Amino acid sequence: MASVEECRAALVKLVAQFDEVGEEDRAKHVVERTVSCRVPDLDVTFYGRLHHGGLDPFTELPPPDGKAADVKLTIASDDLVALVDGKLELARALLGGRVKIDASFGDLLRLRKLI
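Scope of this entry: the structure provided in the associated data block. Please read these numbers as outputs of a predicted model, since none were measured by experiment.

### Quick word on helix α3 (residues 77–84)
What α3 keeps buried is the set Ser 77, Asp 79, Leu 80, Ala 82 and Val 84. Contacts made by the buried residues of α3 are with α1 (4–19), β1 (33–39) and β4 (71–75).

### Examining the nonpolar core
Counting residues in each nonpolar core, the largest one holds 24 residues, and the members touching the most others are Val 39, Phe 46, Phe 58 and Leu 80. Residue assignment for this core shows that the elements contributing at least two residues are α1, β1, β2 (44–51), β4 and α3. With 5 residues, α1 is the largest single contributor of residues to this core. Val 39 has contacts with Cys 7, Val 44, Phe 46, Ile 75, Ala 76, Ser 77 and Leu 80, leaving out every residue within four places of it along the chain.

### Some remarks on the state of the cysteines
Counted under the stated rule, the structure contains 0 disulfides. You can see Cys 37 has no disulfide; the closest cysteine sulfur is in Cys 7, sitting 7.5 Å from it. Residue Cys 37 is classed as buried on the basis of its relative accessible area, which comes to 4%.

### Looking at the environment of Pro 57
Tracing the backbone shows Pro 57 in the loop between β3 (54–55) and β4. Residues Pro 57 and Lys 13 lie 44 residues apart in sequence; the distance between their C-alpha atoms is 9.7 Å. Beyond its immediate sequence surroundings of up to four residues, Pro 57 is in contact with Val 15, Tyr 47 and Gly 48.

### Description of the sheet that holds β3
Taken together, 5 strands build an open sheet; the order of strands is β3-β2-β1-β4-β5 and the sheet is mixed. The open sheet is flanked by β3 and β5 (99–102), the only strands paired with a single partner. Note: β1 against β4, 4 bridges, orientation parallel. By the bridge assignment for β4, Val 35 is matched with Val 71. Contacts from α3 reach β1 and β4 within the one sheet, and its direction differs from that of β4 by about 110°.

### Section: the packing of α1 against α3
A pair of packed helices can be characterised by two numbers: the angle between their axes and the separation between those axes. Packing of α1 against α3 brings their axes to within 9 Å, and their N-to-C directions diverge by 30°. Relative to α3, the element α1 is oriented roughly parallel. The handedness of the crossing between α1 and α3 comes out as left-handed. Note on element contacts: α3 touches α1 through Ser 77, Leu 80, Val 81 and Val 84, opposite Glu 6, Cys 7, Ala 10, Leu 11, Lys 13, Leu 14 and Gln 17.

### A look at α1
Under the 1.5 Å per step criterion, the end-to-end length of α1 is 23 Å for 16 residues, consistent within 8% with the ideal 22 Å. Here α1 has its buried residues at Cys 7, Ala 10, Leu 11, Val 15 and Phe 18. Along the long axis of α1, the arc covered by the buried residues comes to 145°, so they all point the same way. In α1, the exposed positions that point more than 90 degrees away from the buried face belong to Glu 5 and Val 12.

Here is what the cut-offs are and how they apply
- Counting restarts for each chain: residues are numbered from 1 in the order of the written sequence.
- Residues qualify for local features only when their pLDDT is at least 70, as the model is predicted, and side-chain atom pairs are given and counted only at 80 or more; totals for whole chains, interfaces and linings, by contrast, use all residues.
- Processing note: side-chain calculations cover all non-hydrogen atoms of the structure and skip hydrogens and water entirely.
- Residue exposure (1.4 Å probe, protein chains only): buried if accessible area is under 20% of the type maximum, exposed if over 50%, otherwise partly exposed.
- Helix numbering and strand numbering both begin at the N terminus, where a helix is a DSSP run of H or I of at least 4 residues and a strand a DSSP run of E of at least 2.
- Should any heavy atoms of two residues lie within 4.5 Å, those residues are counted as being in contact.
- Residues belong to one nonpolar core when they are buried, are Ala, Val, Leu, Ile, Met, Phe, Trp, Tyr or Cys, and are joined through side-chain atoms within 4.5 Å.
- By disulfide we mean two sulfur atoms from cysteines, separated by a distance within 2.5 Å.
- We treat two strands as partners when DSSP finds at least two bridges between them.
- Geometry is summarised by axes, namely lines fitted to C-alpha atoms with helices restricted to the contacting stretch, and by angles between N-to-C directions that run from 0 to 180 degrees.
- Note on terminology: angles under 35 degrees are roughly parallel, angles over 145 are roughly antiparallel, angles of 65 to 115 are roughly perpendicular, and the others are oblique.
- Crossings are classed by handedness, with left-handed meaning an anticlockwise turn of the near helix from the far one by less than a right angle and right-handed meaning a clockwise turn.
- Expected helix span is computed as 1.5 Å times (number of residues minus one).
- Each direction from the helix axis to a C-beta atom contributes to the arc, which is the arc of those directions.

See below:
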């Protein structure tokens, strides 16, 4: 099991990877959304925000408005680290039930084009 610190580091890396997505692709496929990443084996949830400018750093503080995230991911700590490091394919993880994404169909299609 990965630690909370390793998960934080993976999310920092994810933000950096998302920054590498071209502005044109972000403008075409990104709409502003709040994102949560629940790591049940550590009993922690990270929160971030996706927008045309990129992906904001994740924190453990829920959004101040108290609303549920638009895109909710649930993933085990080891799988989060492996996914961000490129050792686990998202499609395989989704099909195998290792990653769960709760989002609208439109959001899923947009995310697929960015990942």
